[in-house]
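Structural overview
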Amino acid sequence: MLGPQDTRDAFEIAERGYWLDRTLFQYSLKAIYCKRKEHFDRFDEMFDRFWSRYYDDKLEARKKTVKQIKKEPETDTIIFLGAKFNKPRKEKEEKEAKQTKGANENVRLRFTDFSKVDVADRERLEELAEELFHQMSMRFKRRLEDANKGRIDIRKTIRHSISKGGLMLDLAHRKKRKEKRKVVFILDVSGSMDTYSYYLLRYVMVLKKYFRELEFFTFSTHLTHVTPMLRANNELQILKDIGSNVQTWSSGTKIGESLTEFLSGYGNKFLSQKHVVVILSDGLETGSVTQLKEAVGTIRRKCKTLIWLNPLKGMKDYQPIQKGIVNVMPHLDAFESAHNLDSLLKLEKLLMDV
Amino acid sequence: MNKEIQGLIADFYEQDYILNQALATSVFLLNNLEKPLLLEGDPGVGKTMLASALAAHLKTDLIRLQCYEGLDVGTTIYEWNYQKQLLHIKLFEQEKDKRTLGEEIFGMEYVLKRPLLRSITAEKPVVLLIDEIDRADEEFEAFLLELLSDFQISIPELGTIKAVTKPMVILTSNRTRELSDALRRRCLYHWVDFPSKAMEIDIIARKLPDIDEQLAAQVVTFIHNLRKSSLKKPPGIAESLDWAKTLLLLNAENITDEIVQNTVGSVLKHKDDIEFVRNKSVQEFLIPID
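Summary of the structure given here.

Definitions and cut-offs
Residues numbered from 1 in each chain as written. Chains lettered and ligands numbered in written order. Predicted model: local features only at pLDDT ≥ 70, side-chain atom pairs only at ≥ 80, totals over all residues. Helix = DSSP H or I, 4+ residues; strand = E, 2+ residues; numbered from the N terminus. Contact = placed C-beta atoms within 7 Å. Pairing = 2+ DSSP bridges. Axes fitted to C-alpha atoms, helices over the stretch in contact; angles between N-to-C directions. Expected span 1.5 Å × (residues − 1). Buried ≥ 20, exposed ≤ 12 C-beta atoms within 10 Å, placed from the backbone. Arc of directions from axis to C-beta.

Let's shift gears to the environment of Leu183(B). Residue and element names in this part refer to chain B. Relative to the helices and strands, Leu-183 is located in helix H9 (residues 181-185). For the pair formed by Leu-183 and Ser-149, sequence separation is 34 residues and the distance between their alpha carbons is 9.2 Å. Excluding residues within four positions of it along the chain, Leu-183 makes contact with Glu-141, Leu-144 and Leu-145.

So, in structure tokens, the structure goes:
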């Protein structure tokens, strides 16, 4: 968000005549307006888009593509004996549209299912997700960091007083022990999760910044340990790395096999009574259900809390009756939805209790 | 290009610091708008060096504050000189009354100035480098806000001390944690990226004039390929220079498998990264890239 001070600075450089040199003006505005790397990376393109005619043409072309997306008719057409009849729709299937009737744009997007986001909304949703995730991360940071000062440390206080002639002018405090929070995220990136996995991935990337001990795995038919890729500072680079290193992206789902692989390869290292495990999957198992049940049971025994996030839970009339889910439900501490921005933000409370 | 910025680039070049136009503009604004400059970037891209080069360019002092977790007012702003205060009380307790003594021992002469206070009470503008601010606690970051926006510091016993001359403040961060929006809002911002290939060759040639041009180009190609290999700790400019120096010492003419096996420790600082490079052929890292 830009404030009046930024605008004043921009006017000041314009008044000094810097605008006469396009590059100087561009770099000056960049230094003033950008506040983080993500802004810095996008600024040049936005500046060009605003000032260059070249981008006007592109914008026109974009407008045309947006217009081409036809709106669904309000009524269904029935052809009966060669005559056309218009049949009014009884009820809109999408619950979220009903819920957000009359609400502003941001609220509507916040409640829109990721799988139902159209082309026109995608960009706006991206921006909103970035903003809301950032706000959430700031809240995390504030709450996760305890005040450093604990009880008064008598020994240290006396020792400090020696240099001041025995007068206790400075009180020394003990440092509070910071609780180590350990979270393991296991994300399903199979074909059935395609529309959700991108947003869930971004969500985990934000959390990674604030949980010192967060491990991240993806799976579909095989498990991939992606934590090392999250170390890069550039968010786009991370997404690119994960995209190119996860071999089984958008393929079938073998949850049981992948979780067994997790247990045998990483179980000893990343499972303890201090760990919270979050599985993000729709639970549509194509492999052995028995193996899935056993793997989830073992994970539950070895960790502190097991949370399952299922995007399908956000759908109207969803019942957890699929074989995979039915078998794992008894082992779960929480079973929540993760189908839109709002549901992801609500998880904040769940993770706070970690 | 603006003449002043051109001059700045040329002057920094004399200090062995190669500025690109965007960074030069940020430094130029830091000087003209009198706003702090926040530099973010990977470790080893030359953020700290920029402050030294700026101080040399302006022929002024550089005051550096290295941040760490647990940094407090006593180490950053001021501390009372307790010994001196006690001595003063002992010397004059017979001659002066308590009230006068109390007033006297809380004067500027009993204050031990730490970097931040020194920077705003200096007679001529200095360059203040607040290095790795992301390592400091949030409390310290909040305390800095007053200094960064109003160039003043409040000391409870003395009141508000306004800057005699405004220091040029450079803050650096490696993004190990997210800085607050309040701090960002008060600063100009620049993301310092790794230099382009040509620029890095120029840096090496500038720092090591004896190096063969072809060898410098090979070093830079190798390093740039490494940076694209998603290592745990990608090498910075300092590592490029260290490696080039090592190769010079060994009188190497070309980078070979044997040389890489023996000297990779000066480029990579992580066991997994070293193994990754040792298991590959040197030719894979010498493929020319843009």
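With 25 residues of chain B at the interface, the matching set in chain A holds 30 residues. Put simply, the parts of the chain that give the side of chain B that touches chain A at least two residues each are helix H2 (21-32), helix H5 (82-92), H9 and strand E9 (188-192) of chain B.

As a further point, take the sheet that holds E9(B). Residues and elements named next belong to chain B. The 5 strands are arranged E2-E5-E8-E1-E9 in an open sheet whose pairing can be described as parallel. On the outer flanks of this sheet lie strand E2 (62-66) and E9, each paired with one strand and no other. Strand-to-strand twist in this sheet, taken as the mean axis angle between neighbours without regard to direction, amounts to 20 degrees. Relative to strand E8 (residues 168-173), strand E1 (residues 37-41) runs parallel, the two sharing 4 bridges. Each bridged residue has a counterpart across the sheet, and for Leu-39 the counterpart in E8 is Thr-172. Its contacts with the sheet put helix H3 (residues 47-58) on E1, E2, strand E5 (127-131), E8 and E9, and the angle it makes with E5 is roughly 170 degrees.

Before going further, it helps to examine helix H12 (residues 289-302) of chain A. Residues and elements named next belong to chain A. Look at H12: 20 Å from first C-alpha to last across 14 residues, which is about the 20 Å you get at 1.5 Å a residue. By the burial criterion, the buried members of H12 are Leu-292, Ala-295, Val-296 and Ile-299. For H12, the angular spread of the buried residues around the axis is 95 degrees, confining them to a single face. What points out from H12, more than 90 degrees from its buried face, is the exposed set Thr-290 and Arg-301.

Residues and elements named next belong to chain B. Residues of E2 alternate between two faces, with Ile-63 and Leu-65 buried on one and Leu-62, Arg-64 and Gln-66 left unburied on the opposite face. By the bridge criterion, 5 bridges tie E2 to E5 in an arrangement that is parallel. Considered in E5, the bridge of Ile-63 is made with Leu-128.

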